[in-house]
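Chains, contacts and geometry: an overview
Here are the chains, one letter per residue:
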Amino acid sequence: MAKSGLLLILGVVILMGFEGFARGAQEAPFRMHTLFSVECQNYFDWQTVGLMNSYRKARQPGPITRLLSCTEEERKVYKGMDLAPTMEVPSMSRHPRTGDWYPAINKPAGVLHWLEHSEDAKNVDWVVILDADMIIRGPIVPWQLGAEIGRPVAALYGYLIGCDNILAKLHTKNPHLCDKVGGLLAMHIDDLRVLAPMWLSKTEEVREDRAHWSRNITGDIYEQGWISEMYGYSFGAAEVGLRHKISNDMMIYPGYTPKEGTEPILLHYGLPFTVGNWSFSKLDHHDDGIVNDCGRLFPEPPYPREVQVMESDKNRRRGLFLSIECINTINEGLMRHHTAKGCPKKKWTRYMSFLKSKTFAELTKPKYLAPGQAMIKEQGKEQGREQIVEPETTRPKIHTIFSTECSTYFDWQTVGLMHSFNLSGQPGNITRLLSCTEEDLKKYKGHDLAPTHYVPSMSKHPLTGDWYPAINKPAAVLHWLNHADVDAEFIVILDADMILRGPITPWEFNAARGRPVSTPYDYLIGCDNELAKLHTRNPKACDKVGGVIIMHIDDLRKFAMLWLHKTEEVRADKEHYSRNITGDIFESGWISEMYGYSFGAAELNLRHLISSEILIYPGYDPEPGVKYRVFHYGLEYRVGNWSFDKANWRNADLINECWANFPDPPDASALNASDTNTLQRDLLSIECAKTLNEAIRLHHVRRNCPDPSSISASSKDKEKDAAFSRKFGRLDESNTVPTNRSLESQKGDETVGPLSMWVVAMWICCISGFVLVTSLLIIACRSRGARGRRYRSKRRSSYTGFLDLNSHYSDAPSKRVSDD
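Computed from a predicted structure; not experimentally measured. (Residues numbered from 1 in each chain as written. Predicted model: local features only at pLDDT ≥ 70, side-chain atom pairs only at ≥ 80, totals over all residues. Heavy atoms only, no water.)

What about the side chain of Thr172?
The condition is simple: Secondary structure elements follow DSSP: runs of H or I no shorter than four residues count as helices, runs of E no shorter than two count as strands, and numbering proceeds from the N terminus. Nitrogen and oxygen atoms within 3.5 Å of one another constitute a polar contact, given that in protein one can donate a hydrogen and the other can accept it, and given that sequence-neighbouring residues count only through two side-chain atoms. We call two residues contacting when some pair of their heavy atoms lies within 4.5 Å.
Structurally, Thr172 is set in the loop between helix 6 (166–171) and strand 7 (181–188). Within the structure, Thr172 has its side chain in polar contact with the backbone nitrogen of Asn174 (distance 3.0 Å). If we skip the residues at most four places from it in the chain, Thr172 touches Lys202, Phe235, Ala238 and Glu239.

Following this line, the structure appears as structure tokens:
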């Protein structure tokens, strides 16, 4: 009896174990769900058919849901409700608040709606989010790809350059966390719940930021803000602190060549692609009703055997196979859909036979990431658990600095440099080294123009009393090194009067410890004569360099003090200021700081790599094919009758005077294209001037300057009064503030004072002369004796009028002089 009971218990245990095994075999270890977003259009219907066919063929685990956004009018006539498991979501194509037409916003809006209203969302651990224009080639399983809570997996979208510039700084408090990702997203449901509202909000925010839609900021070739949703995702993820594990191998665009040894598991046919004479572009089928046209397929691509002989390179041939696989999978889906709809049987074709063949089934069976493909086995993890390699940070950190003073002259230069820095893609942070006296700092208004490190002014030397503001550059660098927490490996030193056109990096220009990079300053002839012999022990190591400097932080720490000391030394050596020794055309020792740099570097035997491809002066002829990274507008330059010289704007306040700007350069279309060298030179000059003006315009926009078209009539009257006052020498500053958009007139006003006094003096002389002549005439007339009554009366009335007139004019100058 006891034996029978034992056997019964054993049997129950075995049955329970078998049941548990069977259930475990049918269920994934974690629950997952796949989502994709579409609209009620033919365009998305055929994409849905292709994606759903690949979903089944790839044996993607878990359910899939199509998030269908339809307007009320579209929903009334829509025929494709049976194409996929569907959740209808409210359409936001036309934004309910702004009225903006932007259908791409339906993706984050649809995901958020699914999270809030779907029962499936309550029973899910992991979510895979795809686009409709994708073909799944193999299972996309988040935990197998290495996704973790707080660490989603995504594909690389390298063109999202806004993660590196002003766009990220404007739209997330964590720009350093911004990842260039999209396409494939695999994340934990808890992360998605936190991210989704921010994804939608940031998409709206970027979409409304029309001032930053340009290609050089966003990477969007259409400059229409169309990829705002992609930035919304990246900025939203950065905002909530999500960092991605990024793969560049799991997803590929048909037409691209896969890396050797990789096996993409997702095809994203967002771009046109070609195989031989055959091509396909999804945009060519925007209104294509192919889903409802029984028996119709997209034009058949070449067969595998034909592709085999097209390309000899093994890897490029693999790329062609992926391209035909993509379109064949879509066509197979269409063929199956037409059959399921009950379409009449179509006449047999060779292509249809191929799509139904075992050969095609074998070619498109589920794919899996190749062993070791973009993956490593983590230490301490179970064998077999693999994880995507993190993007390696192999580049050294960079910090850019530039030196200025507390003046409006440097303020407009700062605005120009900061604007160009944000557009250039320059890595790392930037700091303005601001040298101010205590008095200047009290009244200074430009604190918010750039990230700033404040430095005591050495314009008037504390020991010698010498007035030499250029010494502030080495003094500020030394102060910054001694007082700031600098964690960068390389420092890029610029001048304020520069415009960045592209990144300046140590790895591109081969800077290294002990080997700084700079640009040629050939006019520093003192490196070749007695000046170098007097001021350095290593005159042979003296390099004629300046402008842009890339230096390792260790070198800069050793060098900065010598830079300052040598500057003081050269500045004090007045006996050698002459042009034939220094090359200084003014012979005033003004370039002592430049020699201080070269002599200080020679003292440490720091030899420079000198590149002529980093910097160009506007107005100079460019070398053909060179992509200069910096404009240095330190010299006057011209384009036709237009010219620009920064020195003419030394006292102009373009920053605090709303809508002030420089005179616009000529339009590029007006240039003479017959001389290529002259044309390229003038185009660069125009680019520099336009960048400066655009920087200042955007600064006024940020300062909320009033609409320039709304200037009141009273303001215009005041402007006329001010002009009248200036004409007659009234120099009250309250009446001379320029309201013109261009401050060109301000330069002319600098000569108003002396000219006005000269005019007053002339008036006084003229009036005195008239009075003297009149008096003499009166005396002469009286001495002639008595005349006829009628004649005397006539003369008296004439003089009275003349004297009254002169009396009126004689009072005017005295009044104006007293006003002065």
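Focus: the state of the cysteines
So the rule is basically this: A pair of cysteine sulfur atoms is labelled a disulfide when the two atoms are within 2.5 Å. For every residue, the accessible area (1.4 Å probe, protein chains only) is compared with the maximum for its type, and the residue is labelled buried under 20%, exposed over 50%, or partly exposed between those bounds.
Applying the stated criterion across every chain, the model contains 6 disulfides. Each disulfide pairs two cysteine sulfurs, and for Cys40 the partner residue is Cys70, the sulfurs being separated by 1.5 Å. Negative torsions about the S-S bond denote left-handed disulfides, and the value of about 45° found for Cys40 with Cys70 makes this one right-handed. Here Cys40 is found in the loop between strand 1 (32–39) and helix 2 (42–57), whereas its partner Cys70 is found in strand 2 (residues 64–70), with 30 residues between them in sequence. Here Cys40 matches Cys70 in class, with each residue buried.

Let's talk about the sheet that holds strand 24 (residues 630–632)
The test is simple: Paired strands are those between which DSSP finds at least two bridges.
The strand order across the open sheet formed by 3 strands is 19-24-23, and the pairing between neighbours is mixed. Only two strands of the sheet have a single neighbouring strand rather than two, namely strand 19 (498–500) and strand 23 (615–616).

A short note on the pattern of salt bridges
The line we're drawing: Criterion for a salt bridge: a side-chain nitrogen of Lys or Arg within 4 Å of a carboxyl oxygen of Asp or Glu.
In this structure the tally under the stated criterion is 41 salt bridges. When the shortest N-O distance is used, the salt bridge between Glu332 and Lys57 registers 3.2 Å. Placement of Glu332 in helix 11 (residues 314–340) and of Lys57 in helix 2 is noted, with a sequence separation of 275 residues between them. The pair formed by Glu332 and Lys57 is uniform in burial state, with each residue classed as buried. Residue Glu239 pairs with Lys173 through a salt bridge whose shortest N-O separation is 3.5 Å. With Glu239 in helix 9 (residues 228–239) and Lys173 in the loop between helix 6 and strand 7, the pair connects residues that are 66 residues apart, well separated along the chain. Its relative accessible area of 61% is what places Lys173 among the exposed residues. Each of Lys173, Lys202, Glu205 and Glu239 takes part in a single network of salt bridges with overlapping partners.

Notes on helix 2
Cut-off, in case you're wondering: To estimate how far a helix should extend, the number of its residues minus one is multiplied by 1.5 Å.
If you check helix 2, its first and last C-alpha atoms are 23 Å apart, about what 16 residues at 1.5 Å a residue would give, namely 22 Å. Arg59 lies just past helix 2 and shows a positive phi near 60°.

Digging into the packing of helix 2 against helix 11
As a reminder of what qualifies: Helix axes are fitted only over the stretch in contact, all axes being lines through C-alpha atoms; the angle between N-to-C directions runs from 0 to 180 degrees. The cut-offs work like this: below 35 degrees is roughly parallel, past 145 is roughly antiparallel, 65 to 115 is roughly perpendicular, and the gaps in between are oblique.
Two elements in contact, helix 2 and helix 11, have axes whose closest approach is 8 Å; the angle formed by their N-to-C orientations is 95°. With respect to helix 11, the axis of helix 2 lies roughly perpendicular. Along its contact with helix 2, which presents Trp46, Val49, Gly50, Asn53, Ser54 and Lys57, the element helix 11 presents Thr329, Ile330, Glu332, Gly333, Leu334, Arg336 and His337.

A word on the environment of Arg210
Looking at the element boundaries, Arg210 is found in the loop between helix 7 (189–208) and helix 8 (215–218). Arg210 sits 15 residues away from Gly225 along the chain, and the two C-alpha atoms are 7.3 Å apart.

Details of the pairing of strand 4 (residues 126–131)
Burial analysis of strand 4 places 6 of its 6 residues in the buried class, which makes it a mostly covered element. Residues Trp126, Val128 and Leu130 of strand 4 are buried on one face, and the alternating residues Val127, Ile129 and Asp131, pointing to the opposite face, are buried as well. Relative to strand 4, strand 1 runs parallel, the two sharing 6 bridges. Bridging from a neighbouring strand, Phe36 pairs with Leu130 of strand 4.

Some points on the packing of aromatic side chains
Under the convention used in this document: Centres within 6.5 Å make a pair out of two Phe, Tyr or Trp rings, where for Trp the six-membered ring is used; the pair is then stacked when the planes are under 30 degrees apart, edge-to-face when over 60, and tilted otherwise. In this scheme, the term charge over a ring applies when either NZ of a lysine or CZ of an arginine sits within 6 Å of the ring centre and within 35 degrees of the ring normal.
Applying the stated criterion across every chain yields a total of 33 aromatic pairs. Where Tyr409 meets Phe410, the ring centres are 5.4 Å apart and the plane angle is 70°; that geometry is what we call edge-to-face. Arranged with centres 6.0 Å apart and planes meeting at 80°, the rings of Tyr409 and Trp412 form a pair that is edge-to-face. Residue Tyr409 and its partner Trp412 are located together in helix 14 (residues 408–424), separated by 3 residues, close to a single helical turn. Taken together, the aromatic side chains of Tyr409, Phe410, Trp412, Tyr633, Tyr637, Trp642, Phe644, Trp649 and Phe662 make up a single cluster linked through ring pairs. Positioned above the aromatic ring of Tyr303 is the side chain of Arg350, whose terminal nitrogen or guanidinium carbon lies 4.0 Å from the ring centre. A cation over a ring is seen here: Arg650 above Tyr409, with NZ or CZ 4.3 Å from the ring centre.

Re the pairing of strand 17 (residues 452–456)
Worth spelling out the cut-off: The handedness rule is simple: strands pointing away from the viewer, and a clockwise path from the first strand over the helix to the second, make the crossover right-handed.
Covered by surrounding structure in strand 17 are His453 and Val455 only, the residues Thr452, Tyr454 and Pro456 on the alternate face being uncovered. Two elements, strand 16 (residues 429–436) and strand 17, share 5 bridges in a ladder whose sense is parallel. Looking at the pairing, Arg432 lines up with Thr452 of strand 17. Crossover handedness for the path strand 16 to helix 15 (residues 438–443) to strand 17: right-handed.

Thoughts on the sheet that holds strand 22 (residues 609–610)
One open sheet accounts for 7 strands, arranged 17-16-15-18-21-20-22; its pairing is mixed. The open sheet terminates on both sides in strands that have one partner only, identified here as strand 17 and strand 22. Each of strand 15 (398–405), strand 16 and strand 18 (490–495) touches helix 14; the most contacted strand, strand 15, lies at about 165° to it. Across the face of the sheet, helix 19 (residues 553–572) comes into contact with strand 18 and strand 21 (545–552) while running at roughly 135° to strand 21.

Overview of helix 9
For helix 9, which comprises 12 residues, the first-to-last C-alpha distance of 16 Å matches the rise-based estimate of 16 Å (1.5 Å per residue) to within 8%. All buried positions along helix 9 are accounted for by Ser228, Glu229, Tyr231, Gly232, Tyr233, Ser234, Phe235, Gly236, Ala237, Ala238 and Glu239. Phi turns positive one or two residues past the end of helix 9, at Gly241, with a value near 80°.

Notes on the nonpolar core
Filter applied, for reference: Residues belong to one nonpolar core when they are buried, are Ala, Val, Leu, Ile, Met, Phe, Trp, Tyr or Cys, and are joined through side-chain atoms within 4.5 Å. Where each domain begins and ends is defined by an automated method or by a domain database.
Formed by 80 residues in total, the largest nonpolar core has its most connected members in Trp46, Leu130, Ile140, Ile330 and Leu334. By residue number, the principal contributor to this core is helix 11, which donates 8 residues. Each of two domains, domain 1 (32–252) and domain 2 (272–364), supplies a minimum of three residues to this core. Discounting residues that sit within four places of it in the chain, Leu130 has contacts with Thr34, Leu35, Phe36, Ser37, Leu51, Lys107, Ile136, Ile140, Gly183, Leu184 and Leu266. Grouped together as the second largest cluster of nonpolar side chains are 70 residues, Leu449, Val570, Ile655 and Leu692 included.

A word on the environment of Leu145
Here Leu145 lies in helix 5 (residues 142–145). With 224 residues separating them in the primary sequence, Leu145 and Leu369 have C-alpha atoms 9.2 Å apart.

Structural notes on the confidence of the model for the protein chain
Cut-off, in case you're wondering: The pLDDT value expresses, per residue, how confident the predictor is, ranging between 0 and 100.
This prediction gives the protein chain a mean pLDDT of 84; 80% of its residues lie at or above 70. pLDDT under 50 marks residues 6–28. Its contacts with residues more than four places away, or in other chains, come to 1 contact. Across residues 784–820 the pLDDT falls below 50, and counting only partners more than four positions away or on other chains, this stretch makes 26 contacts in the model.

A word on unusual backbone geometry
Where the residue is not glycine, phi is negative for most of them; where a peptide bond is considered, it is trans in most cases. Here Glu587, not a glycine, exhibits a phi torsion of approximately 55°, which is positive. For Glu587, the position within the fold is in the loop between helix 20 (579–582) and helix 21 (592–603). The partly exposed category is assigned to Glu587, whose relative accessible area is 42%. Of note in this structure, Asn605 is not a glycine but carries a positive phi near 60°. One can find Asn605 in the loop between helix 21 and strand 22.

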